[in-house]
Amino acid sequence: MPASLYDLHVHTCFSDGRYKPEQVMQEAKRLGLSAIAFTDHDLVRGFMDAQFNFQPGYPELIPGIEISTLWDVGGARQEVDLLGYYIDPFHTSILEYEKIAAEDMRAFSKKCCDGLTSLGMGVTFQDVAARFPHGLGPISIAQTLLQKGYLGDWDQAVRQVLSFWETSLFRRLSIAAAIAMIHKAGGVAVLAHPALISCGDGWLQEEEIACLVKCGLDGLEVYHPRMNETSRRYFSDLAHRFNLLVTGGSDLHGWFEDFSILASQPVTTEMLAALRERAAHRHQMPGYATRRLRKRRYG
């Protein structure tokens, strides 16, 4: 049985997840979930596909996204993930950002495949696109390496692919700009898995959180599979101190854990209600959280 009726951090095949949105929705229905948020990296296509194929008995579908941002923290510029909830997926800023991010990921994928081929691993862009038509990126390229038998170890494959990542130019938003974009689209901005962000020799401190609060940060993802009880208490305290929302989710990708971690994090009805309330206030639309979006095929 799931630990929660809600999962606010789920990926689909439209970014770096294994499963189609409809597969996730069917499993969520089987488990008896009440609400789920698709938070694909830098795009809303997973949500849009699920919305188009929405069936009776499916859990509430929350519009979401996970934006890859840049943040100068801990003495270094880092790529930090920011979750956006209850965004308007048709908002111009979201659609424009998604287009730019997709172009960047396509360029990276081509560069990475050319680099791998030069090293004697014949993985072409066409190979990857044929195997993973919905989502290009490091995970799909690493999976292609394994499927073609060039490398037998997943960690080795990922390291090989990511060796091209740091030399690629991406039009990443600063974390402040990403928070502003989420707000502009009517959404709620939540820092993803904060314990995984490097900050010198330890976790983020009050001054770093205060900086994000000044930029408009709405919440912290306290409940995540890679955060232990100590880190959860620490970031729960920070959330309370700064009057931030607390959220959580499985961060399901599905490549190794199947659906076993879906709704594994203790997300409460009160947490979701607070998230809805913040979104409704931002939209100035009390019914936004449950508003059915018009059906529209996306991509």
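Since the structure is predicted, the reported quantities are computational estimates derived from the model, not experimental observations. (Residues numbered from 1 in each chain as written. Predicted model: local features only at pLDDT ≥ 70, side-chain atom pairs only at ≥ 80, totals over all residues. Heavy atoms only, no water.)

### A closer look at the state of the cysteines
Then step 1. Summed over all chains, the structure comprises 0 disulfides.
Then step 2. Left without a disulfide partner, C113 is nearest to the cysteine sulfur of C112, which lies 5.7 Å away. (Disulfide = S-S within 2.5 Å.)

### What to know about the side chain of S93
Then step 1. Tracing the sequence through the fold places S93 in helix α3 (residues 92-118).
Then step 2. Since its relative accessible area comes to 12%, S93 is described here as buried.
Then step 3. Within the local environment of S93, its side chain forms a polar contact with the side chain of H91, the two groups lying 2.8 Å apart.
Then step 4. Beyond its immediate stretch of four places on either side in the chain, S93 contacts M181, K184 and A185. (Helix = DSSP H or I, 4+ residues; strand = E, 2+ residues; numbered from the N terminus. Buried < 20%, exposed > 50% of the residue type's maximum accessible area, 1.4 Å probe, protein only. Polar contact = N/O pair within 3.5 Å; in protein donor to acceptor, adjacent residues only side chain to side chain. Contact = heavy atoms within 4.5 Å.)

### Let's talk about the environment of R18
Then step 1. Among the structural elements, R18 can be located in the loop between β1 (6-10) and α1 (21-31).
Then step 2. When the C-alpha atoms of R18 and A101 are compared, they prove to be 20 Å apart, with 83 residues separating the residues in sequence.
Then step 3. Other than its neighbours up to four places away in sequence, R18 contacts C13, H253, G254, W255 and D258.
Then step 4. A polar atom in the side chain of R18 sits 3.0 Å from the side chain of D258.

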